[in-house]
Amino acid sequence: MSSSPGPTKPPHHRARGFQNNYIEFQPKSLAELLRWRREAARAGLPRSPLAPIPRAAPDLPWLHANAKAGARMAPAVTWIGHSTVLAQLGGLTLLTDPMFSERASPVQFAGPRRHVPPGIALPELPHVDLVLVSHNHYDHLDAASVTALKRQPGGPPLFVVPLGLQPWFRAQGIRHAVELDWWDSHRIATPQGEAEVVLVPAQHWSSRGPRDALATLWGGFAVFAPDCHLLFAGDTGYSRDFSDIRRHFESRQTAAQGGGFDIALLPIGAYAPRWFMSAQHVNVEEALQIHDDLGAKRSLGVHWGTFELTDESLDEPPRKLAELRVARGMPEDDFFVMAIGETRKLAPRVAATKRT
C-alpha cells in the first residue's frame, strides 16, 4: 500500500534555512569584503555629509494623546531614525525594527556608530502595542531596544517576527512573539475593530553570527487597519516580489475599497557600491520603482542618515530622491523624506462606498 506524499515545502524553505524568491543569495566572501573596504579607502569613501541630517523636536504631547485616542486615533508616522518608524493606525501604536542603541553591533565598543540620536528616546515613547521585526541583522534587531520595550509601563508589546526568530526572543525573556512565514497573517483586535499583519517577501538575507547565514527568515510587513494600509519593506534588493505583493492584495485594495497602500516605508540608503550591495539593498531609483510596483499612494524613505554602513554619504539618498522626483515630474508628497523626530499625519482611508 503506497503512502501519500508529505506536504510540499514552499520554494523559499531550504534544508538549512531559507532563500529568496528570485535570486539565490550567497553572503559575500571575506575576499569580496576586503576588496570593498580597500577600494573605499582608496577613494576616501564615504565622504562627509554636505549638511547635518535634519532633526525635529518630536511632538510628544500629540503622540501620547493620539496613542490614547482609541477609535479616534489619527493615522500618522514618525521617523525615529534608520528603519525605526513609530506608526499610529487603527487605534494601535506600532514600531518597525526598533533600534535605539548607540551602535549597530553585538558589542557597544565597536561597530557602526549612530550619527544622529533617536528622534524619540525610549523612555519618551507612548505605549507601544505592536513591534514588527523584519530580520535579525544588528541594525534592525537590537537586543537592548527590544528588552526595554518588553519592560515598558503597561505591559510588553506583541512582537511579530519572521520564521526562526521566536527562540531568540524567548532567550531575551520575551514570550509575546508570533512567528510568520511569507504570506502568513496575524489578526489583532483594535479600538477600530481589527487589524491584520501579513509577512510579505523581500530580497535579503539573515545572519546574527558567523555560522547562521540564512538560518532565519526575513521579510517586510503589510498592515491592514480600517483607517490605513501600511507596507514596511524591511531591508531588500529590487525584485519582482513587490509586483507580487500588489497582485496578492489587489482584491482588498480596489478603488472602491480605498485603493492601494496609503503609506509605504521604503529603504533608500546603504546602496553603494552596487557590485557589493545590489542583491540586498535597493538604491533610490529602485525604491521609486518599488513605489510604482506597489501602487502606493505615498512612500516614506527610510534606512538613511543614521548609521554609516556603505560608501554613499549619509545625506546622499534624499538628494538623489529629490533629483529623480524632478526628472519624473513627481510631486514631493508622493515619495518624501522627513527629519528625524518629525511626524507626518495621514489622511484616513475611506472606501468609495463611505464617501457617497
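So, here's what we can say about the structure. Residue positions are counted from 1 within each chain, in the order its sequence is given. In keeping with the predicted nature of the model, local features appear solely for residues at pLDDT of at least 70, side-chain atom pairs appear and are counted solely at 80 or more, and the whole-chain, interface and lining totals rest on all residues. Derived side-chain values reflect all non-hydrogen atoms in the structure, with water molecules and hydrogen atoms excluded from consideration.

### Overview of the packing of aromatic side chains
For any pair of aromatic rings, the description rests on two quantities: the centre-to-centre distance and the angle between the ring planes.
Inference 1: Between 30 and 60 degrees the pair is tilted, below 30 it is stacked and above 60 it is edge-to-face, where a pair is any two Phe, Tyr or Trp rings, Trp via its six-membered ring, whose centres lie within 6.5 Å. Evaluated as defined, the whole model comprises 11 aromatic pairs.
Inference 2: When the centroid spacing of 5.3 Å and the interplanar angle of 45 degrees are considered together, the rings of Phe159 and Phe169 count as tilted. Residue Phe159 is found in strand S7 (residues 158-162), and its partner Phe169 is found in helix H4 (residues 166-171); the two are separated by 10 residues along the sequence.
Inference 3: The classification of residues rests on relative accessible area computed with a 1.4 Å probe and restricted to protein chains. Under 20% of the type maximum is buried, over 50% is exposed, and intermediate values are partly exposed. Residue classification places Phe159 among the buried positions, given a relative accessible area of 0%.
Inference 4: Ring geometry for Phe224 and Phe261: centres 5.9 Å apart, planes at 35 degrees, overall tilted. In this pair, Phe224 sits in strand S11 (residues 220-225) while Phe261 sits in the loop between helix H5 (241-249) and strand S13 (263-267), placing the two residues 37 residues apart along the sequence.
Inference 5: Lying across the ring of Trp275, Arg35 places its NZ or CZ 3.7 Å from the centre. A run of H or I in DSSP counts as a helix once it spans at least four residues, and a run of E counts as a strand once it spans at least two, with each numbered from the N terminus. Think of it as a cone above the ring: NZ of Lys or CZ of Arg counts as a charge over the ring if it is within 6 Å of the ring centre and within 35 degrees of the ring normal.

### Some details on a nonpolar patch on the surface
Inference 1: Judged by side-chain polarity, Leu30, Leu33 and Leu34 come together as a nonpolar surface patch covering roughly 280 Å² of accessible area.
Inference 2: Examined against the element boundaries, Leu34 turns out to sit in helix H1 (residues 30-43). A patch consists of residues whose relative accessible area exceeds 30% and which take part in no salt bridge; residues with like charges are grouped when within 9 Å of each other, and nonpolar side chains (Val, Leu, Ile, Met, Phe, Trp, Tyr) when within 5 Å. The protein chains shown are the only cover counted for residues, whose accessible areas, like all others here, come from Shrake-Rupley with a 1.4 Å probe. By convention in these notes, a salt bridge is any Lys or Arg side-chain nitrogen within 4 Å of a carboxyl oxygen on Asp or Glu.

### Observations concerning the pairing of S11
Inference 1: Burial runs high along S11: 6 of the 6 residues are buried.
Inference 2: Direction of pairing for S11 relative to strand S12 (residues 228-232): antiparallel, over a ladder of 5 bridges. Residue pairing across strands places Phe224 opposite His229, the latter belonging to S12.
Inference 3: DSSP calls a pair of strands paired once it identifies at least 2 bridges connecting them. If you look at the hairpin formed by S11 and S12, you'll find 2 residues sitting between the two strands.

### Remarks on the environment of Ala51
Inference 1: Mapped onto the secondary structure, Ala51 falls in the loop between H1 and helix H2 (60-67).
Inference 2: Judged by its relative accessible area of 38%, Ala51 is partly exposed.
Inference 3: It is 7.3 Å that separates the C-alpha atoms of Ala51 and Asp315, two residues lying 264 residues apart in sequence.

### So, the layout of surface pockets
Any empty space left between the atoms is revealed when a probe the size of a water molecule rolls over them.
Inference 1: Residues are called lining when one of their atoms sits within 4 Å of a cavity or pocket point, these points coming from a 1 Å grid over the protein atoms alone, where a cavity is a set in which a 1.4 Å probe fits but cannot get out and a pocket is an open set with protein on both sides within 12 Å along at least five of seven lines. Grid points are joined across faces, edges and corners, and a volume is the space filled by probe spheres set on the points. Computed from the structure, the largest pocket encloses a volume of approximately 1,000 Å³.
Inference 2: Contributing to the lining of the largest pocket are 32 residues, with Leu33, Trp36, His137, Trp205 and Gln280 lying nearest its centre.
Inference 3: Broken down by secondary-structure element, the contributors of at least two residues to the lining of the largest pocket are H1 and helix H6 (274-277).
Inference 4: If you tally residues by element for the lining of the largest pocket, the top one is H1, at 3 residues.
Inference 5: Side-chain classes follow a simple rule in which Ala, Val, Leu, Ile, Met, Phe, Trp, Tyr, Cys and Pro form the nonpolar group, Asp, Glu, Lys and Arg form the charged group, and the remainder, Gly included, forms the polar group. Residue classes in the lining of the largest pocket are distributed as 15 nonpolar, 9 polar and 8 charged.
Inference 6: In terms of lining, the second largest pocket is formed by Leu122, Pro123, Leu125, Pro126, His127, Ala148, Leu149, Arg151, Gln152 and Pro153.
Inference 7: Considered class by class, the residues forming the lining of the second largest pocket number 7 nonpolar, 2 polar and 1 charged.

### So, empty space enclosed by the protein
Inference 1: Inspection of the entire model under this criterion finds 1 cavity of 30 Å³ or more.
Inference 2: Taken as a whole, the largest cavity spans an internal volume of roughly 100 Å³.
Inference 3: Surrounding the largest cavity, 14 residues form its lining, Ala270, Trp304, Phe307, Glu312 and Leu314 being those nearest its centre.
Inference 4: A per-class count over the lining of the largest cavity returns 6 nonpolar, 6 polar and 2 charged.

### Remarks on the pattern of salt bridges
Inference 1: Evaluated as defined, the whole model comprises 15 salt bridges.
Inference 2: With its nearest N and O atoms 2.9 Å apart, the salt bridge here joins Arg328 to Asp292. Here Arg328 is found in helix H8 (residues 316-328), whereas its partner Asp292 is found in helix H7 (residues 284-294), with 36 residues between them in sequence.
Inference 3: A residue is classified by how much of its surface remains accessible, and Arg328, at 41% relative accessible area, is partly exposed.
Inference 4: By sharing partners, the salt bridges in this structure join Arg187, Glu194, Glu196 and Arg252 into a single network.

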